[in-house]
Amino acid sequence: MAKESFVQNRLKSVVYALRGAWILVRTESSIKIQVVIAFVVILAGWYCEISATEWILQLLAIGLVMGVEGVNTAIEKLSDFVQPNHDPRIGRIKDISAGAVMICSLIASAIGCIIYLPKIF
Ligand SMILES: Nc1ncnc2c1ncn2[C@@H]1O[C@H](COP(=O)(O)OP(=O)(O)OP(=O)(O)O)[C@@H](O)[C@H]1O
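Residues numbered from 1 in each chain as written. Predicted model: local features only at pLDDT ≥ 70, side-chain atom pairs only at ≥ 80, totals over all residues.

Is there a simple way to think about the overall build of the chain in this case?
Of regular secondary structure, the chain possesses four helices and zero strands. For the chain, the sequential pattern of α-helices and β-strands runs α-α-α-α. The C-alpha radius of gyration of the chain comes to 18 Å, more than 25% above the 14 Å expected for a compact globule of 121 residues. In terms of its C-alpha atoms, the chain occupies a principal-axis envelope of roughly 60 × 45 × 20 Å. Here the chain holds 121 residues, and the buried ones make up 12% of them. (Helix = DSSP H or I, 4+ residues; strand = E, 2+ residues; numbered from the N terminus. Rg over C-alpha atoms; globule rule 2.2 N^0.38 Å. Buried ≥ 20, exposed ≤ 12 C-beta atoms within 10 Å, placed from the backbone.)

What follows is the structure, encoded as structure tokens:
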């Protein structure tokens, strides 16, 4: 069998990653909520005519939260696969992973407040 070229290989990886992103959006309620929030703040950014720097910060915050949420989901699924039974060590791993999402969400909320509160009040 002929060896795949570098470009074919990379294209396959992109397809696998797109498939993973689609599974996330289709099956995970937390990601669905985050997609809605992202949509709302993008509309708000457009409505409030935020600056280029504010757009960059807002998009970074959206990407950060959704990216870490995806990794958190993968950790939860891997945990359930390696240990289907109740195990305090798995509980701790899942708690830490959820904690990482919470930290990113708090930072993203702070960025949202810094951008929009002065425009509202
Ligand atoms: N196998 C387990 N052993 C011990 N504790 C667990 C186990 N599975 C879950 N837990 C505890 O329950 C919490 C919730 O776990 P779960 O996998 O249901 O995540 P979740 O936050 O409900 O997921 P989702 O993001 O899909 O809503 C964990 O953070 C952990 O404290």
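It is not clear to me how the nonpolar core should be interpreted in this structure. Could you clarify?
Side chains of nonpolar character tend, in soluble globular proteins, to be buried together. Core analysis: the largest hydrophobic core is formed by six residues, namely I31, A61, I62, V65, M66 and A108. For this core, the element with the most residues is helix α3 (residues 52–82), which contributes four residues. (Core = buried A, V, L, I, M, F, W, Y, C linked by C-beta atoms within 7 Å.)

Just checking my understanding: could you explain the site of the ligand for this structure?
In the vicinity of the ligand, the residues found are S30, E76, Q83, H86, D87, P88, I90, G91, K94, D95 and A98. The element that contributes the greatest number of residues to the shell around the ligand is helix α4 (residues 88–120), accounting for six residues. Within the shell around the ligand, the residues separate by chemical class into three nonpolar, four polar and four charged. (Near = placed C-beta within 6 Å. Nonpolar A, V, L, I, M, F, W, Y, C, P; charged D, E, K, R; others polar.)

Would you take a moment to explain the packing of α3 against α4 for this structure?
Pairs of packed helices are described in terms of their axes, by the angle between the two and the distance that separates them. Closest axis-to-axis distance for the α3/α4 pair is 9 Å, and the angle between their directions is 170 degrees. What the angle tells us is that α3 and α4 run roughly antiparallel. Contact residues: E54, L57, Q58, A61, L64, V65, V68, E69, N72, I75, E76 and S79 in α3; I90, I93, K94, S97, A98, A100, V101, C104, S105, A108, I111 and I115 in α4. Grouping the constituent residues of the contact of α3 with α4 by class yields 15 nonpolar, five polar and four charged. (Axes fitted to C-alpha atoms, helices over the stretch in contact; angles between N-to-C directions. Parallel < 35°, antiparallel > 145°, perpendicular 65-115°, else oblique. Contact = placed C-beta atoms within 7 Å.)

Looking at this structure, I do not really get the UniProt feature "active site" (unreviewed entry) in the chain. What am I missing?
Feature annotation in UniProt assigns "active site" (unreviewed entry) to the following positions: E69. Following the sequence through the fold, E69 ends up in helix α3. Residue class for E69 comes out buried when judged on the 22 C-beta atoms lying within 10 Å of it. Setting aside chain neighbours within four positions, we find E69 in contact with S30, I31, Q34 and V101. (UniProt positions renumbered as here; feature names shortened; annotations may be inferred.)

So what exactly am I meant to see when it comes to the confidence of the model for the chain here?
The predicted model of the chain averages 96 in pLDDT, with 98% of residues at 70 or higher. Across the chain, the secondary-structure element scoring lowest on mean pLDDT is helix α1 (residues 6–27), at 95, and the one scoring highest is α3, at 98. (pLDDT = per-residue confidence, 0-100.)

In this structure, what is going on with the environment of A52? I would like to understand it.
Along the chain, the position of A52 falls in helix α3. Judged by the 7 C-beta atoms lying within 10 Å of it, A52 is exposed. Along the backbone, A52 and I37 are 15 residues apart, and their C-alpha atoms lie at a distance of 20 Å.

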